[in-house]
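# Working through the structure, step by step
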Amino acid sequence: RAPILFTQSKINFNNGWFVQGEAPAGAMLSAFKSVITNGGASEADVNFYFAHWITDLAGAEPYGDRPWPGSEKFVVKFPLRVLSSFLESFAFVDRLASVSEVDVVEAYLESRWSDLGLSSFAVAEGCQPA
């Protein structure tokens, strides 16, 4: 019951913002983190949310006379790179159950930079990333 209730919470999460780094960590994830913390949600509950999210996205296609239009949506309307970015991001966001919003975004961005062959940033002695 708890995972289902969690999927219906007001978490104000936009996965597009997350995978594209379009907002600061707090703006993207603080409501999500708050729901996890206040409701005692686990990583498994967050993973269930993403299973719900992906099926909800697929289910937004009108059925009409076509079988399986949701799967068509992922194959035809999403470039593989975009769909892969969404799917790979789930493994980072579920960490909100145990780490801070900034830690989640930093780990995700470091992973993306590495996947793209870019070197990780170095923080000068005595400084912290913004």
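Only a predicted model underlies this, so the values are computations on that prediction, with no experimental measurement involved.

## As for the confidence of the model for the protein chain
Per-residue pLDDT for the protein chain averages 80, and the proportion of residues at 70 or more is 85%. Mean pLDDT values over the elements of the protein chain span from 60, in helix H1 (residues 2-7), up to 90, in helix H7 (residues 101-115).

## Looking at the nonpolar core
Phe13, Phe18, Leu29, Phe32 and Phe50 are the most contacted members of the largest nonpolar core, which has 29 residues in total. Broken down by secondary-structure element, the contributors of at least two residues to this core are helix H2 (15-20), helix H3 (25-39), helix H4 (43-59), helix H6 (80-93) and H7. For Phe18, the contacting residues outside a window of four places in its chain are Phe13, Met28, Leu29, Ser89, Phe92, Val93, Val104, Val105 and Tyr108.

## As for the packing of aromatic side chains
Under the definition given, this model contains 11 aromatic pairs. Between Phe13 and Phe50, the aromatic rings sit 6.0 Å apart at their centres with planes inclined by 80°, giving edge-to-face as the arrangement. Of this pair, Phe13 sits in the loop between H1 and H2 while Phe50 sits in helix H4; the two residues are 37 residues apart in sequence, bridging distant segments of the chain. The exposure class of Phe50 is buried, given its relative accessible area of 2%. Ring plane angle 85° and centroid distance 5.7 Å describe the contact between Trp53 and Phe90, whose orientation is recorded as edge-to-face. Taken together, the residues Trp53 in helix H4 and Phe90 in helix H6 connect sequence positions 37 residues apart.

Calculation notes
- Residues numbered from 1 in each chain as written.
- Predicted model: local features only at pLDDT ≥ 70, side-chain atom pairs only at ≥ 80, totals over all residues.
- Heavy atoms only, no water.
- pLDDT = per-residue confidence, 0-100.
- Helix = DSSP H or I, 4+ residues; strand = E, 2+ residues; numbered from the N terminus.
- Core = buried A, V, L, I, M, F, W, Y, C linked by side-chain atoms within 4.5 Å.
- Buried < 20%, exposed > 50% of the residue type's maximum accessible area, 1.4 Å probe, protein only.
- Contact = heavy atoms within 4.5 Å.
- Phe/Tyr/Trp six-rings, centres within 6.5 Å; stacked < 30°, edge-to-face > 60°.

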